[in-house]
Amino acid sequence: MVNESAECASTTAFPPRRIDCARGPAPKQDRSIRTKALVLRAAAELFAARGFRHTSVNDVADRVEMTKGAVYFHYPSKESLAVAVVEQHYARWPELLEEIREQGLSPLDTAAEMLDRAAVAFRDDVVVQAGARLQLERPEIDATLPTPYVDWTELLTGLLTAARDEGRLREGVDPAAAARSLVAGFFGMQHISDVLEHRADIVERWREVGGLMFFALRA
């Protein structure tokens, strides 16, 4: 059974992100759809490893063994490739939230599960990794990317507010301040894990940080 408080708190979280950028034609045939997905995956792998500045359309074409013109057919510029990766990065979170909501967890447990599974995504999902790096490199990309961390802060604020209303949040804790602290703790931790261990230890490091933070938040 779905927890109604958690569902209400997350209804407007992670709105669809459609970034203003020139795009190629929408593929209609299965083969074209698969090819476009293959190009996007290759671009994500390169952006995650090298960053925007040190990745070229030619690099992407070489990785998928296509001509540069074939890549340009699907993505007319390097910026459009970066935008597509960032959009896919943002699309991961509402899908994850929907899966967790179906478990019927309390608002506080929903928040904890979202961050736990986000840590796994940062470790295992190259699109999530690439989107995070591209967000840090926003000044180099000629497109207006979404402001990072805002959606996460709004989601966690809503969940912690619902937890407070249920009497599950420690007395005196301000949901908005706690949400900002959770976002800072999670994304600071993931950045340190990336720099020091290429995120190989991110799940363990988040278990340490998240364990302390949620212990302090629970009534």
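Residues numbered from 1 in each chain as written. Predicted model: local features only at pLDDT ≥ 70, side-chain atom pairs only at ≥ 80, totals over all residues. Heavy atoms only, no water.

It is possible for side chains bearing opposite charge to pair when their charged atoms get close. Evaluated as defined, the whole model comprises 15 salt bridges. Across the pair Arg133 and Glu137 runs a salt bridge whose closest N-O atoms are separated by 3.0 Å. A relative accessible area of 30% places Arg133 in the partly exposed class. Residue Glu137 is classed as buried on the basis of its relative accessible area, which comes to 14%. Of the charged contacts in the structure, one is a salt bridge between Arg164 and Asp165, with a shortest N-O distance of 3.6 Å. Take Asp165: its relative accessible area is 59%, and that puts it in the exposed class. (Salt bridge = Lys/Arg side-chain N within 4 Å of Asp/Glu carboxyl O. Buried < 20%, exposed > 50% of the residue type's maximum accessible area, 1.4 Å probe, protein only.)

Further remarks concern the UniProt feature "domain: HTH tetR-type" (unreviewed entry) in the protein. Here, the residues flagged by UniProt with the feature "domain: HTH tetR-type" (unreviewed entry) are residues 33–93. Annotation note: span residues 33–93, helix share 80%, strand share 0%, distance between end C-alpha atoms 22 Å. (UniProt positions renumbered as here; feature names shortened; annotations may be inferred. Helix = DSSP H or I, 4+ residues; strand = E, 2+ residues; numbered from the N terminus.)

Applying the stated criterion across every chain yields a total of ten aromatic pairs. A network of ring pairs unites the aromatic residues Trp93, Phe122, Tyr149, Trp152, Phe186, Phe187 and Trp206 as a single cluster. One Lys or Arg, Lys36, reaches over the ring of Tyr75 and ends 5.2 Å from the middle of that ring. In this arrangement the basic side chain of Lys78 is found over the ring face of Phe52, its NZ or CZ atom lying 4.2 Å from the centre. (Phe/Tyr/Trp six-rings, centres within 6.5 Å; stacked < 30°, edge-to-face > 60°. Lys NZ or Arg CZ within 6 Å of the ring centre and 35° of its normal.)

Time to look at the packing of helix α9 (residues 175–197) against helix α10 (residues 202–217). Put simply, α9 and α10 touch, their axes get as near as 9 Å, and they point 165° apart. The pairing of α9 with α10 is recorded here as roughly antiparallel in orientation. Considering only the axes of α9 and α10, their crossing is right-handed. Facing α9, whose interface residues are Ala178, Ser181, Leu182, Gly185, Phe186, Met189, Gln190 and Ser193, α10 presents Ile202, Arg205, Trp206, Val209, Met213, Phe214 and Leu217. Here the contact of α9 with α10 is built from residues that sort into ten nonpolar, four polar and one charged. (Axes fitted to C-alpha atoms, helices over the stretch in contact; angles between N-to-C directions. Parallel < 35°, antiparallel > 145°, perpendicular 65-115°, else oblique. Left-handed = near helix turned anticlockwise from the far one by under 90°. Contact = heavy atoms within 4.5 Å. Nonpolar A, V, L, I, M, F, W, Y, C, P; charged D, E, K, R; others polar.)

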